[in-house]
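Working through the structure, step by step
Chain residues, written in single-letter form:
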Amino acid sequence: MKILVINGPNLNMLGIREPGIYGRNTFADLLALLEETGKELGVEVEQYQSNHEGDIVDKIQWAFGKIDGIVINPAAYTHTSVAILDALKAVSIPAVEVHISDVDAREPFRQISYAGKACVKTIKGHGFQGYREAMQYLVEQYR
Ligand code: CA2
């Protein structure tokens, strides 16, 4: 099984600013967790991060026919991007939406998710562990 993990804009800055919301761990720490989780679960993991909406759409399209499950934290594009929603629907690969913070407890605009409408599950507020839970869920449901 192959899992693609997509992280959206500014997540590459994790650990550098706003430790109160996103924690002190860095983006490199997150990538290490994904790698380790992939080994534990016996799945191939490809990670992708971009600050650009169209590049994320391209990566989702690229996944068609190559990837069995997607874990996606579209970051700010969660709340704005119909293009990412449409791309997820177009490829029809089971996708789990992850948010590090509890978006429901934050500003009202963060409580709207377009991408989530194309996802089989959403995990929010579990920190980096949310990515691990998302990968476990895809393996349990779709391997
Ligand atoms: O909680 C999440 O995972 C979010 O997807 C993170 C996004 C935010 O726009 C969503 O509403 C919720 C923001 C990611 C920005 O990451 C930063 C990292 C370091 C410093 C500042 C921002």
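Below or above, wherever it landed, is the structure these notes cover. (Residues numbered from 1 in each chain as written. Predicted model: local features only at pLDDT ≥ 70, side-chain atom pairs only at ≥ 80, totals over all residues. Heavy atoms only, no water.)

Right, let's talk about the overall build of the chain for a bit. Summing up its helical and strand segments, the chain has five helices and five strands in all. Mapped in sequence order, the helices and strands of the chain form the string β-α-α-β-α-β-α-β-β-α. Scaling as 2.2 N^0.38, a compact globule of 143 residues should have a C-alpha radius of gyration of about 15 Å, and the chain matches this with 14 Å. Oriented by its inertia axes, the alpha-carbon framework of the chain measures out at about 35 × 35 × 25 Å. Sorting the 143 residues of the chain into buried and exposed places 46% on the buried side. For the chain, the proportion of contacts with a sequence separation of at least 24, taken over those separated by at least 6, is 78%. (Helix = DSSP H or I, 4+ residues; strand = E, 2+ residues; numbered from the N terminus. Rg over C-alpha atoms; globule rule 2.2 N^0.38 Å. Buried < 20%, exposed > 50% of the residue type's maximum accessible area, 1.4 Å probe, protein only. Contact = heavy atoms within 4.5 Å.)

The subject of this paragraph is the site of the ligand. Contacts to the ligand come from 17 residues, most closely from N73, H79, I100, S101 and R110. A distance of 2.8 Å separates an oxygen atom of the ligand from a polar atom in the side chain of N73. Within the side chain of S101, one N or O atom sits 2.6 Å away from an oxygen atom of the ligand. With the chains in place, 93% of the 510 Å² that the ligand exposes on its own is no longer accessible. (Near = heavy atom within 4 Å. Polar contact = N/O pair within 3.5 Å; in protein donor to acceptor, adjacent residues only side chain to side chain. Areas by Shrake-Rupley, 256 points an atom, 1.4 Å probe, with all protein chains shown as cover.)

Here we come to the side chain of E97. Position of E97 among the secondary structure elements: in strand β4 (residues 95–99). At a separation of 2.6 Å, a polar atom in the side chain of E97 contacts the side chain of S113. Apart from the residues within four sequence positions on either side, E97 is in contact with I72, T78, S113, G116, C119, K121, T122 and I123.

Under the criterion given, the structure shown has six salt bridges. Close ionic contact of R132 with E40 constitutes a salt bridge, the shortest N to O distance being 2.6 Å. Here R132, found in helix α5 (residues 129–142), pairs with E40, found in helix α2 (residues 27–41); they are 92 residues apart in sequence, far enough to count as distant. Assessed through its relative accessible area of 16%, R132 is described here as buried. A salt bridge links K59 to E46, with the nearest nitrogen and oxygen atoms 2.8 Å apart. Here E46 lies in strand β2 (residues 44–49) and K59 lies in helix α3 (residues 53–63), a separation of 13 residues in the sequence. Its relative accessible area of 13% is what places K59 among the buried residues. (Salt bridge = Lys/Arg side-chain N within 4 Å of Asp/Glu carboxyl O.)

Sheets are built from strands paired through backbone hydrogen bonds, the pairs being either parallel or antiparallel. Reading across from one edge, β2-β1-β3-β4-β5 is the order of the five strands in this open sheet, with parallel pairing throughout. Since the sheet does not close on itself, it has two edges, and those belong to β2 and β5 (121–124), each with one partner. Pairwise comparison of adjacent strand axes, ignoring direction, gives a mean angle of 20° for this sheet. Examined bridge by bridge, β4 and β5 share four bridges and lie parallel to one another. (Pairing = 2+ DSSP bridges. Axes fitted to C-alpha atoms, helices over the stretch in contact; angles between N-to-C directions.)

Turning our attention to the environment of R143. Mapped onto the elements, R143 comes out in the segment after α5. With relative accessibility at 59%, the residue R143 sits in the exposed group. When the C-alpha atoms of R143 and V43 are compared, they prove to be 9.3 Å apart, with 100 residues separating the residues in sequence. Ignoring anything within four residues of it in the chain, the contact list for R143 reads M1, L41, G42, V43 and L138. For R143, the side chain forms a polar contact with the main-chain oxygen of L41, separated by 2.8 Å.

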